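Overview (structure and organization)
Spelled out from the first residue to the last, the chains are:
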Amino acid sequence: QVQLVESGGGLVQAGGSLRLSCVASRSMTSLVTIAWYRQAPGEPRDVVARITHGGQTNYADSVKGRFTISRDNAKNTLYLQMDSLKPEDTAVYYCNANMLVDISIKSFWGQGTQVTVSS
């Protein structure tokens, strides 16, 4: 019941910055949580940053202090500001949203945007 579309990925040199965007097809206020995940080739998909309905944020240790998750409810958009990028940040980044549907929580995913950091 929600569609997510990521954008903003690309190629950047180590130490550079990128800002990812995720546009949702419905209001962010109707979602339980929204988050950014990433997945490198051959690696599991893991959470990068998460933001709750109340605005509380959490970050993976590997990105803490470098990445910032935020949202603009008026634009139905989630952002991930990535600074001081490292080659190990190279991955496909996915937007994720959890929503209550009937009596269960369902997860929805975007198609991902590639981030490549060169050294």
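Heads up: these notes are all about the structure in this document. (Residues numbered from 1 in each chain as written. Predicted model: local features only at pLDDT ≥ 70, side-chain atom pairs only at ≥ 80, totals over all residues. Heavy atoms only, no water.)

1. A short note on the overall build of the protein chain
Of the regular secondary structure elements, the protein chain holds zero helices and 11 strands. Its helices and strands taken in sequence order, the protein chain reads β-β-β-β-β-β-β-β-β-β-β from the N to the C terminus. Taken over C-alpha atoms, the radius of gyration comes to 14 Å for the protein chain, in line with the 14 Å a tight globule of 119 residues would show. Projected onto its principal axes, the C-alpha positions of the protein chain cover 45 × 30 × 25 Å. Out of the 119 residues belonging to the protein chain, those deemed buried represent 40%. Relative to all contacts within the protein chain whose residues are 6 or more apart in sequence, the contacts with residues 24 or more apart total 55%. A total of about 6300 Å² of accessible surface is found on the protein chain, and carbon and sulfur atoms cover 48% of it. Of the side-chain charges in the protein chain, 11 are positive and 9 negative, and the distance between the mean point of each set is 5 Å. (Helix = DSSP H or I, 4+ residues; strand = E, 2+ residues; numbered from the N terminus. Rg over C-alpha atoms; globule rule 2.2 N^0.38 Å. Buried < 20%, exposed > 50% of the residue type's maximum accessible area, 1.4 Å probe, protein only. Contact = heavy atoms within 4.5 Å. Areas by Shrake-Rupley, 256 points an atom, 1.4 Å probe, with all protein chains shown as cover. Lys, Arg positive; Asp, Glu negative; His and termini not counted. Charge placed at Lys NZ, Arg CZ, Asp CG, Glu CD.)

2. Regarding the packing of aromatic side chains
Considering all chains together, one arrives at two aromatic pairs under this definition. Taking 6.5 Å as the distance between ring centres and 85 degrees as the angle between the ring planes, the aromatic pair formed by Tyr94 and Trp109 counts as edge-to-face. With Tyr94 in strand 9 (residues 91-101) and Trp109 in strand 10 (residues 104-109), this pair connects stretches of sequence that are 15 residues apart. In this structure Trp109 comes out as partly exposed when scored by relative accessible area, which is 36%. Put simply, the rings of Tyr37, Tyr94 and Trp109 touch in pairs and so form one group of aromatic residues. Against the face of Tyr79 rests Arg19, its NZ or CZ located 4.5 Å from the ring centre. (Phe/Tyr/Trp six-rings, centres within 6.5 Å; stacked < 30°, edge-to-face > 60°. Lys NZ or Arg CZ within 6 Å of the ring centre and 35° of its normal.)

3. Let's talk about a nonpolar patch on the surface
On the surface, Val32, Leu100 and Ile105 cluster together into a nonpolar patch covering about 270 Å² of accessible area. For Leu100, the location among the structural elements is in strand 9. Take Leu100: its relative accessible area is 53%, and that puts it in the exposed class. (Patch = residues over 30% accessible without salt bridge, like charges linked within 9 Å, V, L, I, M, F, W, Y side chains within 5 Å. Salt bridge = Lys/Arg side-chain N within 4 Å of Asp/Glu carboxyl O.)

4. A closer look at the pattern of salt bridges
Tallied over the entire structure, the rule returns two salt bridges. The shortest N-O distance in the salt bridge between Asp89 and Arg38 comes to 2.9 Å. Residue Asp89 is found in the loop between strand 8 (77-82) and strand 9, and its partner Arg38 is found in strand 4 (residues 33-39); the two are separated by 51 residues along the sequence. The burial state of Asp89 is the same as that of Arg38; both residues are buried. Arg66 serves as the salt-bridge partner of Asp89, at 2.8 Å between the closest nitrogen and oxygen. Residue Asp89 is located in the loop between strand 8 and strand 9, and its partner Arg66 is located in the loop between strand 6 (57-59) and strand 7 (67-72); the two are separated by 23 residues in the primary sequence. Neither Asp89 nor Arg66 differs from the other in exposure class; each is buried. Linked by salt bridges that have partners in common, Arg38, Arg66 and Asp89 make up one network.

By themselves, these observations are geometric and do not establish any function.
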